[in-house]
Amino acid sequence: MEDLVTIEAAQNDLLACAVYLAGKISGNETQAEAIKPIVLQYLKKGDVDNAAHLADSVNDSYMRNQLLVAVIGKCIEVDDDEYAFQLIEAIDEYGMQATAKEAIALKEAAKGDFDKAFEIANMLEHSAIAFAGIAVQQVKKGFENEALQTLKAINFHKSRVEALQAMAVYFQEIEQTEKAVEYFEKALQEAELIEFDEDKVRVLFEIANHFIEAGEKDKALATFTKVVAGIKQLNGHHKDGLFSSAAIGLLKAGSLEIADRTLDEVTDKTQIANCLVGFSQVFEKEGERDEALETLEEGYAILKSEQESEIRDSKSRFQLFGAIAVQFARLEKFERALEIAHENPVEFQRNAALTNIAQVSILNGDEASALQSVKGIESDSQRMSAFVAMSDAQNQAENKPKAIELLDEAAVLVETIPQYIARGETQNELSNRYGFYGKIEKAREIASESLQTVEEILGDNNRSIALTDLSVIYDKYDFSLSDKDKEVLALLVKKSNW
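Keep in mind it's a predicted model, so treat the numbers as computed, not measured.

Calculation notes
Residues numbered from 1 in each chain as written. Predicted model: local features only at pLDDT ≥ 70, side-chain atom pairs only at ≥ 80, totals over all residues. Heavy atoms only, no water. Helix = DSSP H or I, 4+ residues; strand = E, 2+ residues; numbered from the N terminus. Expected span 1.5 Å × (residues − 1). Buried < 20%, exposed > 50% of the residue type's maximum accessible area, 1.4 Å probe, protein only. Contact = heavy atoms within 4.5 Å. 1 Å grid on protein atoms, 1.4 Å probe; cavity = no way out; pocket = protein on both sides within 12 Å on 5 of 7 lines; lining within 4 Å. Points joined across faces, edges and corners; volume = space filled by probe spheres on them. Nonpolar A, V, L, I, M, F, W, Y, C, P; charged D, E, K, R; others polar. Salt bridge = Lys/Arg side-chain N within 4 Å of Asp/Glu carboxyl O. Patch = residues over 30% accessible without salt bridge, like charges linked within 9 Å, V, L, I, M, F, W, Y side chains within 5 Å. Areas by Shrake-Rupley, 256 points an atom, 1.4 Å probe, with all protein chains shown as cover. Lys, Arg positive; Asp, Glu negative; His and termini not counted. Charge placed at Lys NZ, Arg CZ, Asp CG, Glu CD.

> It is not clear to me how helix 17 (residues 269-285) should be interpreted in this structure. Could you clarify?
The terminal C-alpha atoms of helix 17 lie 24 Å apart, and with 17 residues this matches the ideal 24 Å at 1.5 Å per residue to within 8%. Among all positions in helix 17, only Thr270, Ile272, Ala273, Cys275, Leu276, Val277, Gly278, Phe279, Ser280, Val282 and Phe283 are buried. On the buried face of helix 17, the contacting elements are helix 15 (238-252), helix 16 (256-263), helix 18 (289-304) and helix 19 (314-330). Among the residues trailing helix 17, glycine 287 stands out with phi positive, at a value near 80°.

> Would you take a moment to explain the layout of surface pockets for this structure?
It is a probe the size of a water molecule, rolled over the atoms, that shows where empty space is left. The calculated volume of the largest pocket comes to roughly 290 Å³. In this structure, the largest pocket is lined by 14 residues; those nearest its centre are Ser381, Gln382, Met384, Ser385 and Thr426. If you list the elements that add at least two residues to the lining of the largest pocket, you get helix 21 (347-363), helix 23 (380-396) and helix 25 (420-436). It is helix 23 that provides the largest number of residues to the lining of the largest pocket, a total of 7 residues. For the lining of the largest pocket, the per-class residue count stands at 6 nonpolar, 5 polar and 3 charged. Taken together, Asn209, Ile212, Glu213, Lys217, Ile248, Lys252, Gly278, Gln281, Val282, Lys285 and Glu286 form the lining of the second largest pocket. Put simply, the parts of the chain that give the lining of the second largest pocket at least two residues each are helix 13 (197-213), helix 15 and helix 17. Considering every element that reaches the lining of the second largest pocket, the biggest residue donor is helix 17, with 4 residues. Of the residues that constitute the lining of the second largest pocket, the class distribution is 3 nonpolar, 3 polar and 5 charged.

> How do you make sense of the pattern of salt bridges when you look at a structure like this?
A side chain of one charge can pair with a side chain of the opposite charge when the charged atoms of the two come close. According to the stated counting rule, one finds 33 salt bridges in the structure shown. When the shortest N-O distance is used, the salt bridge between lysine 219 and glutamate 216 registers 3.5 Å. Note on lysine 219: relative accessible area 28%, which makes it partly exposed. Note that glutamate 310 is salt-bridged to lysine 269, the shortest N-O span being 3.4 Å. Taken as a pair, glutamate 310 in the loop between helix 18 and helix 19 and lysine 269 in helix 17 lie far apart in primary sequence, 41 residues in all. Since its relative accessible area comes to 32%, glutamate 310 is described here as partly exposed.

> Help me out: how do you make sense of a negative patch on the surface in this one?
On the surface, Asp260, Asp264, Glu286, Glu288, Asp290, Glu291, Glu294 and Glu298 cluster together to form a negatively charged patch. No other element matches helix 18, which puts 4 residues into the negative patch. For glutamate 286, the position within the fold is in the loop between helix 17 and helix 18. Assessed through its relative accessible area of 40%, glutamate 286 is described here as partly exposed.

Now the structure itself:
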């Protein structure tokens, strides 16, 4: 792999240095982990030759084949079909060869070359996904009747349903609602033929939610009724989560009565509380504020009443405490939101809730409450993350000066992040945001600081990944390497040879 770049190249280019370091990694899985983002970055740059060379050098067979499939897709995208088929021969596993051919068929269809797409799809032993993708592209290119004929070649009901849904979503996107509903109805008819109960339930869920988006609440209600009947046929604890989601869907579809009856099927208190939070969000959206608050308080009370012996999933339970706190903030009950957020014994979840409350407060125009929420975060590094989130909220509120001001607050605290990998990732995020706001000099400064952080990271694999990530920032904003940057790269190359 080292022959892909010279030492001189590695000392003068971030991505080349990442490749060089990856070439020094001995473990197969560790090596593959470092090489994958490099290959994907080469593909973004349109460099299929180096991407293919690097992918082929991976020692882990599964990852090597996966990366070759990605390169093949790019080859088709840039009209290099001959090279794509050459690379298929380099794949040493039959199933992955089929996946690559499937990817080619779908790319050809997306380009509108349906003859080629069909030729390749017909070579496949299992062609359902390929034909489904081709049919969707036919609809997008205006060949609706031909697409329906293509669907007949699919002998797998789930693939037909997925294709019909994709067609319907396309018609939604181009604002042909009636046509979209027609295709969702076709998908519904096909879904009834799916044999595996859980697959059928999940597909019906998707269709029901699409009916709501299309304004067809009666159709959504009828479909969710089928969902509930299907859930009753299933086994296992996950039924509670499905019943909870179905109840929320039924409320969105306009039937509180049936939603309540469905909620009665749920036995796990965490899932009952989760459902009531969902109910609160629906009521809030519909302008029923009092109902939203009452339902949220009920959900919180049920969660609090859960005994240790009743808890099935502690992580989900603590996440739900955070979701309840944030929902109180959305309903402008800030003190109640803070009170519940601080009850959470898990520091990460507590800080996440306080951060989200701060964001909601900013979007509600309440900067004082946002700052009060962030003061509850004890860790400097976690508070830094909160400032970044608040900055994003100010940007969403179209207050660019405040957004930049909060980024400056975050930048002051970046050195408090103890883990160098996390610090570098955060510096990249800050650099990217400053670049977005047009603060190019500041973005360049932090990008250089991120490169210096890479020097502190242990292991060629971690350094290689960090350099690849940072190269994206340098490329995006056309940053050139300073003499100081090149010194860091030279030192990284030197360390890799120790």
